[in-house]
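Spelled out, the chains give:
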Amino acid sequence: MAENLMHAVQYSNYGGGAAALKHVEVSIPIPKQDEVLLKLEATSLNPIDWKIQKGVVWPFLPRRFPHIPGTDVAGEIIKVGPGVKNYKAGDKVVAVLWQQNGGGLAEFAVAKESLTVARPPEVSAAEGAALPIAGLAAYEALMQASGFKLDGSGQQVNLLITAASGGVGQYAVQLAKLGNTHVTATCGARNMDQVKNLGADEVLDYKTPDGAALKSPSGRKYDAVIHCATGIPWSTFEPNLSANGKVIDITPGPRAFMTFALKKLTFSKKQLVPVLVIPKKEKLHYLIKLLKEGKLKAVIDSKHPLSKAEDAWAKSIDGHATGKIIVEP
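(A) Structural view of the overall build of the chain. Of the regular secondary structure elements, the chain holds 10 helices and 15 strands. Its C-alpha atoms give the chain a radius of gyration of 20 Å, near enough to 20 Å, the size a compact globule of 329 residues would have. Seen along its three principal axes, the alpha-carbon backbone of the chain occupies a region of about 65 × 40 × 40 Å. Looking at the chain as a whole, 53% of its 329 residues qualify as buried. Pairs at least 24 residues apart make up 68% of the contacts formed inside the chain by residues separated by at least 6 positions. Charge separation in the chain, taken as the distance between the mean sites of 38 positive and 30 negative side-chain charges, equals 6 Å.

Right under this line is the structure:
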């Protein structure tokens, strides 16, 4: 491969799934103002990656074709652009790439200094890459839960976490248990033990009648639901909520926004709250610190070489991963 070229995986139009991903050689990007160039060591996939390919956020993303997807990365800085003050070549980091540009399924990528944090030696590249969007979504959702405090103070909060074995759910369970919470979680039967080991107090198989109805085995009403699944109507949540209960939806669709507006307009005490994640450096740094201290664990479903990125893509689309899917150059 020529010195200024790199291996990357891209797609050139909407649709097509894993079969539309193409392996190409493209120019290694050059870091601009306030950017760093990373030699990538790991990239984790998020559902939004293949949803963008599917056209869910057309015409806003991607910004242009062909598009190299992937935003959650870990790697080593090999060059810094003008204006970069806090990093130098050789630093190991975790970064969130801009969703408009992507770039994670490649050997090299550029990241904004403002969305790059140092990766301590206690945190592996795969663990670091597994954290950003999923960890931040879990964090942001929990911050919307009334009365929840990460330091464990305050009254106990009864939480339900749906799809608790998925990328966001497994972080939500662990972060929730850092606070004063009782956590009920839903997942598939094969993952119940793992979710229990992450700290959930009670675990429901979502395919059983009680699991489908979201009923707490101990008869609790939920002060908040961290909703990481899809396809559950408001009518299923409502009877399980406490008087001022909230459903905090991390994958809101049009129906969720309609329910949100309706509950606001009717001054309902029970609310649906859509959460849209805007990555912030200080919050990512906090989560990396929890990983370093062993207070948070990254659950890795599988690792795939960049040469087989389409297998990782197909697994993500399938929707039954336990934890995060990692691609390694």
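(B) Quick peek at the packing of aromatic side chains. On inspection of all chains with the given rule, the structure shows 4 aromatic pairs. Taken together, a centroid distance of 6.4 Å and an interplanar angle of 55° make the contact between Tyr11 and Trp313 tilted. Highlighted residues: Tyr11 in the loop between strand E1 (5-10) and strand E2 (22-27) and Trp313 in helix H10 (residues 309-318), separated in sequence by 302 residues. The residues Tyr11 and Trp313 share a single accessibility class, namely buried. The rings of Tyr11, Tyr14, Phe65 and Trp313 are connected pair by pair, giving a single aromatic cluster. One Lys or Arg, Lys51, reaches over the ring of Trp50 and ends 5.8 Å from the middle of that ring. Note that Lys112 overlies the ring of Trp98, its terminal NZ or CZ placed 5.3 Å from the centroid.

(C) Molecular detail of the packing of helix H3 (residues 132-143) against helix H4 (residues 167-176). It is at 8 Å that the axes of H3 and H4 come closest, and there the two elements cross at 50°. What the angle tells us is that H3 and H4 run oblique. Crossing hand, H3 versus H4: right-handed. Taking contact as the criterion, the partners of Ala134, Gly135, Ala137, Ala138, Tyr139 and Leu142 in H3 are, on H4, Gly167, Val168, Tyr171, Ala172, Leu175 and Ala176. When its residues are assigned to classes, the contact of H3 with H4 shows 10 nonpolar, 2 polar and no charged.

(D) Here's a closer look at the layout of surface pockets. Taken as a whole, the second largest pocket encloses approximately 680 Å³ of empty space. In terms of lining, the second largest pocket is formed by 27 residues, of which the most central are Pro29, Arg64, Asn101, Gly102 and Val110. Listed by contribution, the elements that provide at least two residues to the lining of the second largest pocket are E1, E2 and strand E6 (108-112). Top element by residues in the lining of the second largest pocket is E6. It accounts for 5 residues. The class makeup of the residues in the lining of the second largest pocket is 14 nonpolar, 8 polar and 5 charged.

(E) Molecular detail of unusual backbone geometry. That bond from Leu61 to Pro62 is cis: its omega, -5°, falls within 30 degrees of zero. The topology assignment puts Pro62 in the loop between helix H1 (47-54) and strand E4 (72-80). Each neighbour pair has its own omega, and for Phe65 with Pro66 the value is -5°, a cis peptide bond. Summarising the element assignment, Pro66 is placed in the loop between H1 and E4. Backbone geometry at Leu214 places phi at a positive 65°, although glycine is not the residue there. Locating Leu214 in the fold gives a position in the loop between helix H6 (209-213) and strand E11 (222-227). Given the relative accessible area of 3%, Leu214 is considered buried.

Conventions and cut-offs
Residues numbered from 1 in each chain as written. Predicted model: local features only at pLDDT ≥ 70, side-chain atom pairs only at ≥ 80, totals over all residues. Heavy atoms only, no water. Helix = DSSP H or I, 4+ residues; strand = E, 2+ residues; numbered from the N terminus. Rg over C-alpha atoms; globule rule 2.2 N^0.38 Å. Buried < 20%, exposed > 50% of the residue type's maximum accessible area, 1.4 Å probe, protein only. Contact = heavy atoms within 4.5 Å. Lys, Arg positive; Asp, Glu negative; His and termini not counted. Charge placed at Lys NZ, Arg CZ, Asp CG, Glu CD. Phe/Tyr/Trp six-rings, centres within 6.5 Å; stacked < 30°, edge-to-face > 60°. Lys NZ or Arg CZ within 6 Å of the ring centre and 35° of its normal. Axes fitted to C-alpha atoms, helices over the stretch in contact; angles between N-to-C directions. Parallel < 35°, antiparallel > 145°, perpendicular 65-115°, else oblique. Left-handed = near helix turned anticlockwise from the far one by under 90°. Nonpolar A, V, L, I, M, F, W, Y, C, P; charged D, E, K, R; others polar. 1 Å grid on protein atoms, 1.4 Å probe; cavity = no way out; pocket = protein on both sides within 12 Å on 5 of 7 lines; lining within 4 Å. Points joined across faces, edges and corners; volume = space filled by probe spheres on them.

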